[in-house]
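Fold and geometry: a report
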Amino acid sequence: MSKLTDTLVKAGYVAANQGHGAISRMLWKGASMGDQARSQVLLDLSRLEADPDGSYQELAPNWLEHASVLLERAGAQGEAAQVLEALKLIFHPTIEQGLSHSPIAEMDPRLRSYLFTSPVVARLRGDGAIVEPAQVATTGVDLPWAKADGNQAVSAHVVQAQRPRAEHLLVLTDTNFNFMEPIIGYWPQKAQVRIRQLGDEELDFCSVLQTVTDRLENRDTEVPEFLRKDLQWADTVYVEWGSALAARLSGTDLTSVGSPRLLVRVHKFEAFTMMPLLTRWENVSDLITIAPPVTRALTSTVLGLAERTRINYVPNCMDLVSFKLSKLQPAAYSIMLVGYDRLVKDPAWALDVLEQLRQLSDKPWKLTLVGEAPTAGGSYWDSFNQRCQQLGVQSLGYRSDMPEVLRKATVILSSSMVEGVHISVQQGAASGCLPVVRNWPGLASLGGPETIYPADWVVDSPRAAAQRILDNTNESGLTKPEVAERASQWTLANLDAQVTLPLLDEVVLGGEQ
């Protein structure tokens, strides 16, 4: 890439991120004069960057065709920067993290066929394997534990194996430790632990461009000096989030630091990015996912994943027992939605449920919203705010005392288009709320919430949600005691940290627990 071309491409990204779509398209077209394949990719990217909430089917309808042409050519020529541009289009957030349509979530046969039959993609994975087109439809579709446990729906699954005891555990992230409570406080009781979040000056090691370059050249990464002492000390390395750090470390030659065991935990977000594709899973002893749809998203896009590493499903480790408190009188006829500040949460669906309830019942049903208020504008939020006023919806704002807040709720609702697990559902169910979970449209093809929660918690429409509420509450506006107890007991028996931490120990700490 010439300096002029590089400058134009970077300027195009700046313009797109600032909402200047026309300018970015002009800059990128100039960067790609005489290169039709790259020009099409850059123009698609500019449209997606300029309208992140738009429909990718309208903004970039030929995204896969354009990206695959550039990827194959650039990969054959060793042009890592252009390969990365093509990957950015294939896995663009507007495409893969969309509200209701995602090629990965829908297991799009065109995408799967390309990822499983492309020689360049095989080089990026690091294994060189491809399958015949006729095999694509049945490859990586079933959850890896389906045969072992006899069905697809399980509350957890740990692959039985002899794992060495972890004496020195290094916990790393390039993102955050938001989902590591109470784990961070617990593991030091079981082993010597060092916990490290990479600083800004250390994130250069996680360069995705360098990772792509290494994959194309079939080259291992050298151990970075800032991590050398910690890696020499550790016998086990746990990476939180399957992001750029996980991909980079999986391709790092760790023999010079004693070959510590490498483990990676993947949440929903990363499963819809390019990072799992770039991860050398054969160098990861154990993969941990937090939900079955996440597992299926990975196995249906990363060829041979189950053969390259052990895939374990362990739910997030959370203290849910503390939520089991008696209900207060304001809980009567009270529905609660926790988290409603983004379109993906689709809080308007919760208003539809409330309206259906009031049509079916003359009882004083009410909706309470908990969390930061939305700051975005647009027709959706204008309509939502107006309806909230008309329906008398209350908002509590952000609260840090959720066990106490949930004492005033009878129903915990999930209205989202897409979720990983929706933690507030678990907290509400543990507290004795009636859980009502929308069959998240964006994850339905991957199994949706029915692979995480009991099937009777899940509903397909606002009408069905309202009917579930009426069928399971009494004349006092509270969840029927036997229903509340059943939901609470199932949650505590399957999802509380007292259950999930020992499972995580089995995978991470190994040895005899």
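Quick summary incoming for the structure in this document. Here the structure is a predicted model, which means the values were calculated and not measured.

Quick look at the overall build of the protein now. Per the secondary structure count, the protein includes 25 helices and twelve strands. Taking 24 Å as the expected radius of gyration for a compact globule of 513 residues, we find that the protein reaches 24 Å, a close match to that expectation. Across its three principal axes, the protein shows a C-alpha extent of roughly 70 × 60 × 45 Å. Out of the 513 residues belonging to the protein, those deemed buried represent 57%. Long-range pairs, those at least 24 residues apart, make up 74% of the contacts in the protein with a sequence separation of at least 6. Accessible surface computed for the protein: about 20900 Å², of which carbon and sulfur atoms make up 50%. Counting 46 positive and 60 negative side-chain charges, the protein places the centres of these two groups 1 Å from one another.

So, about the sheet that holds strand E1 (residues 168-173). Strand order across the open sheet formed by six strands is E2-E1-E3-E4-E5-E6, with parallel pairing between neighbours. Unpaired on one side and paired on the other, strand E2 (192-197) and strand E6 (310-313) mark the two borders of the sheet. Averaged over all pairs of adjacent strands, the angle between strand axes in this sheet comes to 20 degrees, irrespective of strand direction. Alignment of strand E5 (residues 286-289) against E6, held across four bridges, turns out to be parallel. Following the sheet pairing, Ile288 is matched in E6 by Asn312. In the packing of helix H13 (residues 225-233) onto the sheet, the strands contacted are E1, E2 and strand E3 (236-240), and the crossing angle to E2 comes to about 155 degrees.

To continue, consider the pairing of E1. Of all six residues that make up E1, five are buried, and the element is covered over most of its length. Relative to E2, E1 runs parallel, the two sharing six bridges. Residue pairing in the sheet places Leu172 in a bridge with Arg196 of E2.

Our next topic: the nonpolar core. Counting residues in each nonpolar core, the largest one holds 110 residues, and the members touching the most others are Trp63, Leu71, Leu87, Ile90, Val212 and Val237. Top contributing element to this core by residue count: helix H6 (residues 80-90), with seven residues. With near-sequence residues (within four places) excluded, Leu71 lies in contact with Val83, Ala86, Leu87, Ile90, Tyr114, Val120, Val121 and Leu124. Counting 29 residues, the second largest nonpolar core, distinct from the first, contains Ala348, Trp349, Leu354 and Leu357.

With parallel pairing, the six strands of this open sheet are ordered in space as E9-E8-E7-E10-E11-E12. In this open sheet, the two edge strands, each paired with only one partner strand, are strand E9 (394-395) and strand E12 (458-459). Two elements, strand E8 (residues 366-370) and E9, share two bridges in a ladder whose sense is parallel. Paired with Leu369 across the two strands is Ser395, which belongs to E9.

We now examine the packing of helix H22 (residues 423-430) against helix H24 (residues 481-495). Axis separation between H22 and H24 bottoms out at 7 Å; the angle between their running directions is 125 degrees. Accordingly, the angle class assigned to the pair H22 and H24 is oblique. The segment H22 lies against H24, with Gln426, Ala429 and Ala430 engaging Ala487, Ser488, Thr491, Leu492 and Leu495. By residue class, the composition of the contact of H22 with H24 is five nonpolar, three polar and no charged.

What follows concerns the state of the cysteines. In the structure shown here, the tally under the stated rule is zero disulfides. Of all cysteine sulfurs, the one in Cys433 lies closest to Cys388, which takes part in no disulfide; the gap is 19 Å. What makes Cys433 buried here is its relative accessible area of 0%.

Here the focus is the packing of aromatic side chains. Taken as a whole and assessed by the stated rule, the structure comprises eleven aromatic pairs. Ring geometry for Tyr453 and Trp457: centres 5.3 Å apart, planes at 20 degrees, overall stacked. Judged by relative accessible area, which is 4%, Trp457 ranks as buried. Each ring, one from Trp457 and one from Trp490, has its centre 5.4 Å from the other, and the planes form 70 degrees; the classification is edge-to-face. Of this pair, Trp457 sits in the loop between strand E11 (434-438) and E12 while Trp490 sits in helix H24; the two residues are 33 residues apart in sequence, bridging distant segments of the chain. Taken together through their ring pairs, the aromatic side chains of Tyr340, Tyr380, Trp381 and Phe384 make up a single cluster. Of note, Arg248 hangs over the ring of Phe205, and the distance from its end group to the ring centre comes to 5.5 Å.

The element E3 is extensively covered by neighbouring structure, given that five of its five residues are classed as buried. The side-chain alternation of E3 yields two buried faces, one formed by Thr236, Tyr238 and Glu240 and the other by Val237 and Val239. In the sheet, E1 pairs with E3 via four bridges, with the strands oriented parallel. By the bridge assignment, Leu170 is partnered in E3 with Val237. Relative to strand E4 (residues 261-266), E3 runs parallel, the two sharing five bridges.

Now for the pattern of salt bridges. Using the criterion set out here, one finds 26 salt bridges in the structure. When the shortest N-O distance is used, the salt bridge between Arg196 and Asp230 registers 2.8 Å. Here the residue Arg196 occupies a position in strand E2, and Asp230 occupies one in helix H13, the gap between them amounting to 34 residues. The same class applies to Arg196 and to Asp230, which are both buried. Through salt bridges with shared partners, one network takes in Arg125, Asp127, Arg280, Glu282 and Arg308.

This part takes up the side chain of His267. Counting through the fold element by element, His267 comes out in the loop between E4 and helix H15 (268-271). Look at His267 and you get buried, because its relative accessible area is 4%. A polar atom in the side chain of His267 sits 3.0 Å from the side chain of Glu240.

Further remarks concern unusual backbone geometry. In this structure, Pro182 follows Glu181 across a cis peptide bond, with omega equal to 5 degrees. Even without glycine at this site, Tyr333 takes up a positive phi of about 60 degrees. A residue is classified by how much of its surface remains accessible, and Tyr333, at 12% relative accessible area, is buried. Although it is not a glycine, Asp346 sits at a positive phi angle of roughly 40 degrees.

What counts as what
- Residues numbered from 1 in each chain as written.
- Predicted model: local features only at pLDDT ≥ 70, side-chain atom pairs only at ≥ 80, totals over all residues.
- Heavy atoms only, no water.
- Helix = DSSP H or I, 4+ residues; strand = E, 2+ residues; numbered from the N terminus.
- Rg over C-alpha atoms; globule rule 2.2 N^0.38 Å.
- Buried < 20%, exposed > 50% of the residue type's maximum accessible area, 1.4 Å probe, protein only.
- Contact = heavy atoms within 4.5 Å.
- Areas by Shrake-Rupley, 256 points an atom, 1.4 Å probe, with all protein chains shown as cover.
- Lys, Arg positive; Asp, Glu negative; His and termini not counted.
- Charge placed at Lys NZ, Arg CZ, Asp CG, Glu CD.
- Pairing = 2+ DSSP bridges.
- Axes fitted to C-alpha atoms, helices over the stretch in contact; angles between N-to-C directions.
- Core = buried A, V, L, I, M, F, W, Y, C linked by side-chain atoms within 4.5 Å.
- Parallel < 35°, antiparallel > 145°, perpendicular 65-115°, else oblique.
- Nonpolar A, V, L, I, M, F, W, Y, C, P; charged D, E, K, R; others polar.
- Disulfide = S-S within 2.5 Å.
- Phe/Tyr/Trp six-rings, centres within 6.5 Å; stacked < 30°, edge-to-face > 60°.
- Lys NZ or Arg CZ within 6 Å of the ring centre and 35° of its normal.
- Salt bridge = Lys/Arg side-chain N within 4 Å of Asp/Glu carboxyl O.
- Polar contact = N/O pair within 3.5 Å; in protein donor to acceptor, adjacent residues only side chain to side chain.

Geometry only, nothing functional implied.
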